[in-house]
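# Notes for the structure review
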Amino acid sequence: MNQDQLRQALNELNGERDAHFALAGMHESASVLTIPKAMLIPEETDKLVKVTDGKSVFIIEAERIAYIRIGL
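Let me begin by describing the structure that accompanies this report. (Residues numbered from 1 in each chain as written. Predicted model: local features only at pLDDT ≥ 70, side-chain atom pairs only at ≥ 80, totals over all residues. Heavy atoms only, no water.)

### Observations regarding the overall build of the protein chain
Let me state the cut-off plainly: Here a helix means four or more residues in a row that DSSP labels H or I, a strand means two or more in a row labelled E, and each is numbered from the N terminus. Restricting the calculation to C-alpha atoms gives the radius of gyration, and the globule rule supplies 2.2 Å times the number of residues raised to the power 0.38. Under the scheme applied here, a residue whose accessible area is under 20% of the maximum for its type counts as buried, over 50% as exposed, and between as partly exposed, the area being computed with a 1.4 Å probe on protein chains only. Accessible surface is estimated by sampling points in the Shrake-Rupley manner with a 1.4 Å probe; for residues, cover comes only from the protein chains shown.
The secondary structure content of the protein chain amounts to one helix and five strands. Across the protein chain, helices and strands are ordered from the amino to the carboxyl terminus as α-β-β-β-β-β. Computed over the C-alpha atoms, the radius of gyration of the protein chain is 11 Å, within 12% of the 11 Å expected from 2.2 N^0.38 for a compact globule of 72 residues. Taking the principal axes of its C-alpha atoms as reference, the protein chain extends roughly 30 × 25 × 20 Å. Per-residue burial over the protein chain gives 31% buried out of 72 residues. Total accessible area on the protein chain stands at roughly 4900 Å², and carbon and sulfur atoms take up 50% of it.

### A look at the environment of Asn-2
Counted only if it meets this: Contacts described as polar in this section are N or O atom pairs within 3.5 Å, which, within protein, must combine one atom able to donate a hydrogen with one able to accept it, while residues neighboring in sequence count only if both atoms come from side chains.
Assignment of secondary structure puts Asn-2 in the segment before helix 1 (3-9). According to the relative accessible area criterion, Asn-2 is partly exposed, its value standing at 37%. For the pair Asn-2 and Ile-65, spaced 63 residues apart in sequence, the C-alpha to C-alpha distance is 9.7 Å. A distance of 3.0 Å separates a polar atom in the side chain of Asn-2 from the backbone nitrogen of Asp-4.

### Overview of the nonpolar core
To be explicit about the condition: For our purposes a nonpolar core is just a set of buried Ala, Val, Leu, Ile, Met, Phe, Trp, Tyr and Cys residues, chained together by side-chain atoms within 4.5 Å. Here, residues are in contact when the closest pair of their heavy atoms is within 4.5 Å.
The biggest cluster of nonpolar side chains holds 14 residues, and the ones touching the most others in it are Leu-10, Phe-21, Val-51 and Ile-60. Those elements that provide at least two residues to this core are strand 1 (14-23), strand 2 (32-40) and strand 3 (49-52). Ignoring sequence-local partners within four residues, the contact set of Ile-60 consists of Leu-6, Phe-21, Leu-33, Val-49, Val-51 and Ile-65.

### Side note on the pairing of strand 1
In plain terms, the rule: Two strands qualify as a pair provided that DSSP identifies no fewer than 2 bridges between them.
Relative to strand 2, strand 1 runs antiparallel, the two being bridged by six bridges. Bridging across to strand 2, Asn-14 finds its partner in Met-39. Here five bridges tie strand 1 to strand 5 (residues 65-70), and the two strands are oriented antiparallel to one another. Paired with Leu-23 across the strands is Ile-65, a residue of strand 5.

On their own, these measurements won't tell you what the molecule is for.
Shown next as structure tokens:
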């Protein structure tokens, strides 16, 4: 998955759904990142994929994503 594909997949995050990211190449205890009420930050000049929960900003590296689960 590249950054454009990741951004497209996360496009429906609008602050009403939780997102769970399974990260490849991480220790098992750190292999899942959960972001409650996740919202995709619009693309900025740095071109990084950023997601926020309103309290923190998470930079998501597309190459490390094994899968994403988006809650309903």
